[in-house]
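Notes for the structure review
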Amino acid sequence: MEGTKPVNKKLAAALSGGAVLVLALSGCTGDDGNEELDAWAKQVCDELRVQAKTIKAANAAIQEETSDNSTPAEVQQADSKAFQDIADAYKAIGGIITKAGPPNVEDGKKKQRDAVKELNAISASYGSLKEQVDALNTKDQAKFAAGLKDVAAEMKKLGKTGSDALKALEEGEVGQAMAKQQSCKSASASAAPSAAQG
């Protein structure tokens, strides 16, 4: 019995792939013709950086539990807190985009509304992952490892779905305006998935 370590490594890999959906920012720079949009992007990016740090720290906490011989209870505690932090961060990002108002682009209201709806759904998904982890049996190593595998599978699914509205929000002029913001560049870099995914 290899224990929970290999399974938690899968969880960490899935997390680092799924927790940065909102930070997949366009790398190109646009023209400076839309000052209102640039102001919107600056407001969003400055606040986004704080949440990106939270997501990065949560990711690191799960990664850390894979690097030593943690007990199931320690893994459960770390993963539960990480999922709660990520759920809160996505909810906060939805709040940031709500507060910023629609971006000054065609269909800006729809893009904003869809992105906020999606962010709240992602937040709820991480909330239910936390509940799933909290319910795992830490007394039985085999059952715990099997349960953790299910959580990792759910996370992988979450990483592959649910970012369409965010991509729509960040494409074209909005993405270009966000890419120009220093805070978005650093947010994107700080929460990028680690290269070591097993």
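Here the structure is shown first, and the text comes after it.
1. Observations concerning the overall build of the chain
The helix and strand inventory of the chain stands at 8 helices and 0 strands. For the chain, the sequential pattern of α-helices and β-strands runs α-α-α-α-α-α-α-α. Burial status across the chain gives 46% buried among its 198 residues. Here the analysis covers contacts within the chain between residues at least 6 apart in sequence; of these, 87% occur between residues at least 24 apart. Accessible area for the chain stands at about 9800 Å²; split by element, carbon and sulfur atoms hold 50% of it.

2. Considering the nonpolar core
The nonpolar side chains of a soluble globular protein tend to be buried, and buried together. One finds W40, F83, Y90, Y126 and M178 to be the most contacted residues of the largest nonpolar core, which totals 36 residues. It is helix α3 (residues 72–100) that contributes the most residues to this core, 10 residues altogether.

3. Some points on the packing of aromatic side chains
Summed over the entire model, instances satisfying the criterion amount to 2 aromatic pairs. Consider the rings of F83 and Y126, whose centres lie 6.2 Å apart with planes at 35 degrees: the pair is tilted. With F83 in helix α3 and Y126 in helix α4 (residues 108–134), the pair connects residues that are 43 residues apart, well separated along the chain. With a relative accessible area of 0%, F83 lands in the buried category. Consider the rings of Y90 and Y126, whose centres lie 5.9 Å apart with planes at 5 degrees: the pair is stacked.

4. Regarding the pattern of salt bridges
For the coordinates displayed, the defined rule picks out 6 salt bridges. Residue K99 is joined to E47 by a salt bridge in which the shortest nitrogen-to-oxygen separation is 3.2 Å. Of this pair, K99 sits in helix α3 while E47 sits in helix α2 (residues 35–66), and the two are 52 residues apart along the sequence. Its relative accessible area of 57% is what places K99 among the exposed residues.

5. Considering the environment of T54
In this structure, T54 sits in helix α2. Considered as a pair, T54 and I86 are 32 residues apart in the sequence and their alpha carbons are 7.1 Å apart. Residue contacts for T54: discarding those within four places in its chain leaves D85 and A89.

6. Some details on the packing of α3 against α4
Two numbers describe how α3 lies on α4: the axes approach to 8 Å, and their chain directions differ by 165 degrees. Between α3 and α4, the crossing angle belongs to the class labelled roughly antiparallel. Like other packed secondary-structure pairs, α3 and α4 cross with a definite hand, here left-handed.

7. Details of the environment of S125
Mapped onto the elements of the fold, S125 is located in helix α4. Taking C-alpha positions, S125 is 7.6 Å from A87, a pair spaced 38 residues apart along the chain.

8. Focus: the side chain of Q51
Within the element layout of this structure, Q51 appears in helix α2. By relative accessible area, Q51 is classed as buried at 15%. Those residues within four positions of Q51 in sequence are excluded, and the remaining contacts are A89, A92, I93 and I96.

9. Section: unusual backbone geometry
Although it is not a glycine, D107 adopts a positive phi angle of roughly 60 degrees. Looking at the element boundaries, D107 is found in the loop between α3 and α4.

Reading the values: rules and limits
Residues numbered from 1 in each chain as written. Predicted model: local features only at pLDDT ≥ 70, side-chain atom pairs only at ≥ 80, totals over all residues. Heavy atoms only, no water. Helix = DSSP H or I, 4+ residues; strand = E, 2+ residues; numbered from the N terminus. Buried < 20%, exposed > 50% of the residue type's maximum accessible area, 1.4 Å probe, protein only. Contact = heavy atoms within 4.5 Å. Areas by Shrake-Rupley, 256 points an atom, 1.4 Å probe, with all protein chains shown as cover. Core = buried A, V, L, I, M, F, W, Y, C linked by side-chain atoms within 4.5 Å. Phe/Tyr/Trp six-rings, centres within 6.5 Å; stacked < 30°, edge-to-face > 60°. Salt bridge = Lys/Arg side-chain N within 4 Å of Asp/Glu carboxyl O. Axes fitted to C-alpha atoms, helices over the stretch in contact; angles between N-to-C directions. Parallel < 35°, antiparallel > 145°, perpendicular 65-115°, else oblique. Left-handed = near helix turned anticlockwise from the far one by under 90°.

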